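A look at the structure
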Amino acid sequence: MIRVGVVGGSGYIGGELLRLLLGHPHLSPVATISSRFAGKRVDGVHPNLRGLTELTFSPPENLDHYDVLMLATPHRETMGRMREYLQRADVLVDLSGDFRLRDPAVYARHYGTEHCEPALLGQFVTGLPELHRAELRHADRISVPGCMAAAGILALHPAARAGLVKRPVTLDARTGSSGSGAAAGSANLHAERSGALRVFAPTSHRHSAEMEQATGLPVKMTATGVEAVRGVQVVARVTLEDGVDERALRAAYRDAYAEEPFVRVVAQRRGGYRLPEPKILNGSNFCDVGFAADGADAVLVGALDNLVKGGAGNAVQCLNVRFGWHERLGLEFTGLHPA
């Protein structure tokens, strides 16, 4: 068994990491670190894990050495401890935003602070197997994309790779309340958020920089909180290059994802789920992508569970690639319908 430590295990992403690790045949969570809940049982914070583990949270000073260390830690704080974390594991998987962007100037612009470890940025492989599978097979330092970024990159990638769309891209991302984290502030209380359609990032959301880095397309992004707990849906409006039609789009998406275990092309003309819908993806590691075109105007859509394919599940998929296991190992849950 591969011994795994989880830092930041009390949050929503940390809880999903533990859930998936406990069901994995080769990955064993042997420690989970939390300052706030040190000494308390894990299933007291994550009640869905009752009967599955006897783990208790450990304080940060008890951090040991592990085969794999997974970081579900805050943006802007993770980079300050990264050199310590790197000494604590053979393979490190970072789910914070601190090592996703390769350019420290871009990081400073989107995160509002200078990067304190710019020399380490180029050492991390992007944890998105669909685009970086070959590098992940030998990677010891992995940075998992943000949830909206993952959905947006996978939705845009086939069209961008085939040169089918003009620049720039206008993208609206919708996300459920769990995307704000377990320690979200007063704006995310049920009384404040229920029934709201809150535009919380009208411009320059940090995930747009990840999409631009991955696709080479300028992305003008708006992010909106919607009435859901889980789920991300991105809707990108693009102008097609001259001579490109919906048939060409379909061919590009089928070619890009025909062999992918967790990306499905969903672009039907009829039915209640004719385009990607995050509701039926809850708990699963799938990202559904689709498209619709009207002349030169097209819409590209992506949907996923923000805590799974948008976070913990994608991290486990990366480890499956890294250790040479089948990519679906421990990630077989299909989602529910109806839900």
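A few words on the sheet that holds strand β3 (residues 57-58). Strands sit in the order β3-β2-β1-β4-β5-β7-β6 across an open sheet of 7 strands; the sheet is parallel. Bordering the open sheet on either side are β3 and β6 (125-126), each of which pairs with just one other strand. Strand direction decides the pairing type here: strand β4 (residues 66-71) and strand β5 (residues 89-94), joined by 5 bridges, are parallel. Looking at β5, one finds that M70 is bridged to V93. Relative to the sheet, helix α1 (residues 12-22) contacts β1 (2-7), β2 (27-33) and β4, its axis offset from that of β2 by approximately 150°.

Once that is clear, we can look at helix α9 (residues 246-257). Between the first and last C-alpha of α9 there are 17 Å, a value that for 12 residues agrees with the 16 Å anticipated at 1.5 Å per step. Within α9, the full set of buried residues consists of E246, L249, A252, Y253, A256 and Y257. When α9 is viewed along its axis, its buried side chains cluster within an angular range of 120° and face the same direction. Turned more than 90 degrees off the buried face of α9, the exposed positions are R247, R254 and D255. Those residues of α9 hidden inside the fold are in contact with α6 (147-161), β12 (263-265), β13 (287-294) and β14 (297-304). Backbone nitrogen of R247 and a side-chain oxygen of the N-cap are separated by 3.2 Å at the start of α9; the cap is D245.

The subject of this paragraph is the packing of aromatic side chains. One pass over the full model with this rule turns up 6 aromatic pairs. A ring pair is formed by Y107 and Y111, whose centres lie 4.4 Å apart and whose planes are at 10°; its orientation type is stacked. Here the residue Y107 and the residue Y111 both occupy positions in helix α4 (residues 104-111), the gap between them amounting to 4 residues, near one helical turn. When its relative accessible area of 0% is taken as the criterion, Y107 is described as buried. For Y111, a relative accessible area of 3% puts it in the buried group. Looking at R264, its charged tip hangs above the ring of F286, at a distance of 4.0 Å from the centre. Just above the ring of F323 sits the side chain of R322; from NZ or CZ to the centre is 5.2 Å.

Bringing the sheet that holds β14 into the picture now. A sheet is described by the order of its strands in space; here 7 strands give the open sequence β9-β10-β8-β11-β14-β13-β12, paired in mixed fashion. Bordering the open sheet on either side are β9 (198-201) and β12, each of which pairs with just one other strand. Along the sheet, successive strands turn relative to each other by an average axial angle of 25°, direction set aside. Strand direction decides the pairing type here: β13 and β14, joined by 8 bridges, are antiparallel.

Secondary-structure assignment places A72 in the loop between β4 and α3 (78-86). Remark: the alpha-carbon pair of A72 and G311, spanning 239 residues in sequence, is separated by 9.2 Å. When residues no more than four places from it in sequence are discounted, the contact partners of A72 are V7, G8, I13, G14 and L17.

The buried count for β5 comes to 5 of 6 residues, which makes it a mostly enclosed element. Since β4 and β5 lie parallel, the crossover through α3 that links them has a hand, and here it is right-handed. Strand direction decides the pairing type here: β5 and strand β7 (residues 141-143), joined by 3 bridges, are parallel. The residue bridging V93 from the neighbouring strand is I142, located in β7.

What the rule picks out here adds up to 18 salt bridges. Note that R174 is salt-bridged to D172, the shortest N-O span being 2.7 Å. Overall, the relative accessible area of 22% leaves D172 in the partly exposed class. Across the pair R250 and E246 runs a salt bridge, and its minimum N-O distance is 4.0 Å. Of this pair, R250 and E246 both sit in helix α9, 4 residues apart, which is roughly one turn of the helix. Since its relative accessible area comes to 23%, R250 is described here as partly exposed. Where salt bridges share partners, they join E16, R19, R230 and D305 into one cluster.

Analysis parameters
Residues numbered from 1 in each chain as written. Predicted model: local features only at pLDDT ≥ 70, side-chain atom pairs only at ≥ 80, totals over all residues. Heavy atoms only, no water. Pairing = 2+ DSSP bridges. Helix = DSSP H or I, 4+ residues; strand = E, 2+ residues; numbered from the N terminus. Contact = heavy atoms within 4.5 Å. Axes fitted to C-alpha atoms, helices over the stretch in contact; angles between N-to-C directions. Expected span 1.5 Å × (residues − 1). Buried < 20%, exposed > 50% of the residue type's maximum accessible area, 1.4 Å probe, protein only. Arc of directions from axis to C-beta. Polar contact = N/O pair within 3.5 Å; in protein donor to acceptor, adjacent residues only side chain to side chain. Phe/Tyr/Trp six-rings, centres within 6.5 Å; stacked < 30°, edge-to-face > 60°. Lys NZ or Arg CZ within 6 Å of the ring centre and 35° of its normal. Right-handed = clockwise from strand over helix to strand, strands pointing away. Salt bridge = Lys/Arg side-chain N within 4 Å of Asp/Glu carboxyl O.

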